[in-house]
Amino acid sequence: MKILVIEDSRSSLKLLCDHIRKMYFQPIPAETGHQGVDLFLKERPDLVLLDVVMPDIDGFEVARQIRQIETPGEWTPIIFLSSLNKDQDIERGIAAGGDDYLLKPVSEVVLGAKIRAMQRILQMRQSLVVLTRKLDNANQELKRLTSLDGLTGIANRRHFDAVLLREWRRAMRIGEELSIIMADIDFFKLYNDTYGHQNGDECLRQIAQALSHTTDRGGDLLARYGGEEFIAVLPGTSLSGASFVAEQMRKTVSDLRIPHPGAPFGHITTSFGVASAVAMPETDPQDLVGAADLALYKAKHLGRNQVCQTLSFDPQEN
Ligand code: GH3
Ligand code: MG
């Protein structure tokens, strides 16, 4: 522990430093108030022993300056040492930012006990800082995990809905278009029935990874929307642009050539529904999701493994 000792009397300063060394702590001597403040800045001690009456600036002012140097949450214990023994002097010392007040001449035993007590408080404070940091990290990790889907590792529906609402409001402010792509794996029940649920899960993971590589423009977000359904929001993207992305996605999944002998194409395929809108104050982004779902239904109906669009999205009709 580094202890800054600010004391203008050379003999007292030496005595105090000797006591500190005997306790196996490191003293940092300062003979004036200004020198004390400078050394505080340079050495960042763990504790300050501070004389009150000094020729340049008094101890109360030194304490005030130290408290100003410290960043919020930082607190270095300050013990005043003084022969001023009126109640008001003690009160002033504490008000100036001191933590304790010892009357001179200070006994070696009392000084030792006070230093030990301050050391205990310091250690408790340090473990509290470590604990707070751990808690902060855990909270951040928790926040990250609550926005991810456990199986595929991409965003989950809860996170998607929050992002969609945010992007919708942003699009409204700047009068921009926004698109939604809904995707659903074709004949996936049959895949599970053929290969078992575990292989079904692995297939979902592979598809999620493949789809996430096709929506990497800043602002795009892909999420797992339900069992074998995926959804993407593409801010600032028109219907034709989003349909192009959906077609890329369709091709990417098909190109994985995941065997599915029971399905018409012999491998895993996906159907897509796309819808776009310029966000308006009276519209609800969930209506746009509904429109994309309708287009997806059309894609299924027309034979699957294709992209369909909802041509006009009119919120009044939904
Ligand atoms: P369609 O081409 O019309 O979409 O047919 P489908 O069989 O894909 O659709 P359906 O809605 O009949 O079945 C969806 C299936 O998706 C049901 C279930 O077996 C499977 N599924 C949903 N969630 C999961 C999951 O988390 N893991 C696995 N392995 N399968 C899932
Ligand atoms: Mg399906």
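Residues numbered from 1 in each chain as written. Chains lettered and ligands numbered in written order. Predicted model: local features only at pLDDT ≥ 70, side-chain atom pairs only at ≥ 80, totals over all residues. Heavy atoms only, no water.

Taking an unreviewed UniProt entry as the reference, the protein chain is identified by name as diguanylate cyclase belonging to Propionivibrio dicarboxylicus. Its UniProt record, at the heading Catalytic activity (unreviewed entry), says of the protein chain: "2 GTP = 3',3'-c-di-GMP + 2 diphosphate". (UniProt positions renumbered as here; feature names shortened; annotations may be inferred.)

Take the packing of helix H1 (residues 10-22) against helix H5 (residues 108-146) next. At a closest axis distance of 11 Å, the pairing of H1 and H5 adopts a crossing angle of 55°. Between H1 and H5, the crossing angle belongs to the class labelled oblique. Note on packing geometry: the crossing formed by H1 with H5 is right-handed. Of the residues in H5, those touching H1 at Leu16, His19, Ile20 and Lys22 are Glu108, Leu111 and Ile115. (Axes fitted to C-alpha atoms, helices over the stretch in contact; angles between N-to-C directions. Helix = DSSP H or I, 4+ residues; strand = E, 2+ residues; numbered from the N terminus. Parallel < 35°, antiparallel > 145°, perpendicular 65-115°, else oblique. Left-handed = near helix turned anticlockwise from the far one by under 90°. Contact = heavy atoms within 4.5 Å.)

On to the UniProt feature "modified residue: 4-aspartylphosphate" (unreviewed entry) in the protein chain. Mapped onto this structure's residue numbering, the UniProt feature "modified residue: 4-aspartylphosphate" (unreviewed entry) falls at Asp51. As for its placement among the helices and strands, Asp51 is situated in strand S3 (residues 47-51). Excluding residues within four positions of it along the chain, Asp51 makes contact with Ile6, Glu7, Asp8, Gly59, Leu81 and Lys104.

Before going further, it helps to examine the nonpolar core. Counting residues in each nonpolar core, the largest one holds 25 residues, and the members touching the most others are Ile181, Ile207, Leu211, Phe230, Met249 and Ile268. Taken together, the elements giving at least two residues each to this core come down to strand S6 (177-185), helix H7 (188-195), helix H8 (197-214), strand S8 (229-235), helix H9 (239-255) and strand S9 (270-278). The element that contributes the greatest number of residues to this core is H9, accounting for six residues. Filtering out sequence-adjacent residues up to four positions away, Ile207 remains in contact with Ile185, Phe230, Val253, Leu256, Ile258 and Ile268. Residues Met182, Ala275, Leu288 and Ala291 belong to the second largest nonpolar core, which totals 22 residues. (Core = buried A, V, L, I, M, F, W, Y, C linked by side-chain atoms within 4.5 Å. Buried < 20%, exposed > 50% of the residue type's maximum accessible area, 1.4 Å probe, protein only.)

Let's shift gears to the site of ligand 1. By nearness alone, 16 residues border ligand 1, and Asn192, Asp201, Arg224, Lys300 and Arg304 come closest of all. Contact distances for ligand 1 include 2.8 Å between an oxygen atom and a side-chain N or O atom of Asp184. Interatomic distance of 2.7 Å between a side-chain N/O atom of Asn192 and a nitrogen atom of ligand 1. Relative to its unbound accessible area of 640 Å², ligand 1 is 69% covered by the protein chains. Mapped by element, the contributors of at least two residues to the shell around ligand 1 are S6, H7 and H8. Residue contributions to the shell around ligand 1 peak at four residues, all from H8. Considered class by class, the residues forming the shell around ligand 1 number four nonpolar, four polar and eight charged. (Near = heavy atom within 4 Å. Polar contact = N/O pair within 3.5 Å; in protein donor to acceptor, adjacent residues only side chain to side chain. Areas by Shrake-Rupley, 256 points an atom, 1.4 Å probe, with all protein chains shown as cover. Nonpolar A, V, L, I, M, F, W, Y, C, P; charged D, E, K, R; others polar.)

Once that is clear, we can look at the packing of aromatic side chains. Across all of its chains, the model carries five aromatic pairs by this definition. Ring centres 6.1 Å apart and planes at 45° place the aromatic pair Phe80 and Tyr101 in the tilted group. Here Phe80, found in strand S4 (residues 78-82), pairs with Tyr101, found in strand S5 (residues 100-103); they are 21 residues apart in sequence, far enough to count as distant. A ring pair is formed by Phe160 and Tyr225, whose centres lie 6.1 Å apart and whose planes are at 80°; its orientation type is edge-to-face. Of this pair, Phe160 sits in helix H6 (residues 157-174) while Tyr225 is found in the loop between strand S7 (221-224) and S8, placing the two residues 65 residues apart along the sequence. What links up through ring pairs into an aromatic cluster is the set Phe60, Phe80 and Tyr101. One Lys or Arg, Arg157, reaches over the ring of Tyr225 and ends 3.9 Å from the middle of that ring. (Phe/Tyr/Trp six-rings, centres within 6.5 Å; stacked < 30°, edge-to-face > 60°. Lys NZ or Arg CZ within 6 Å of the ring centre and 35° of its normal.)

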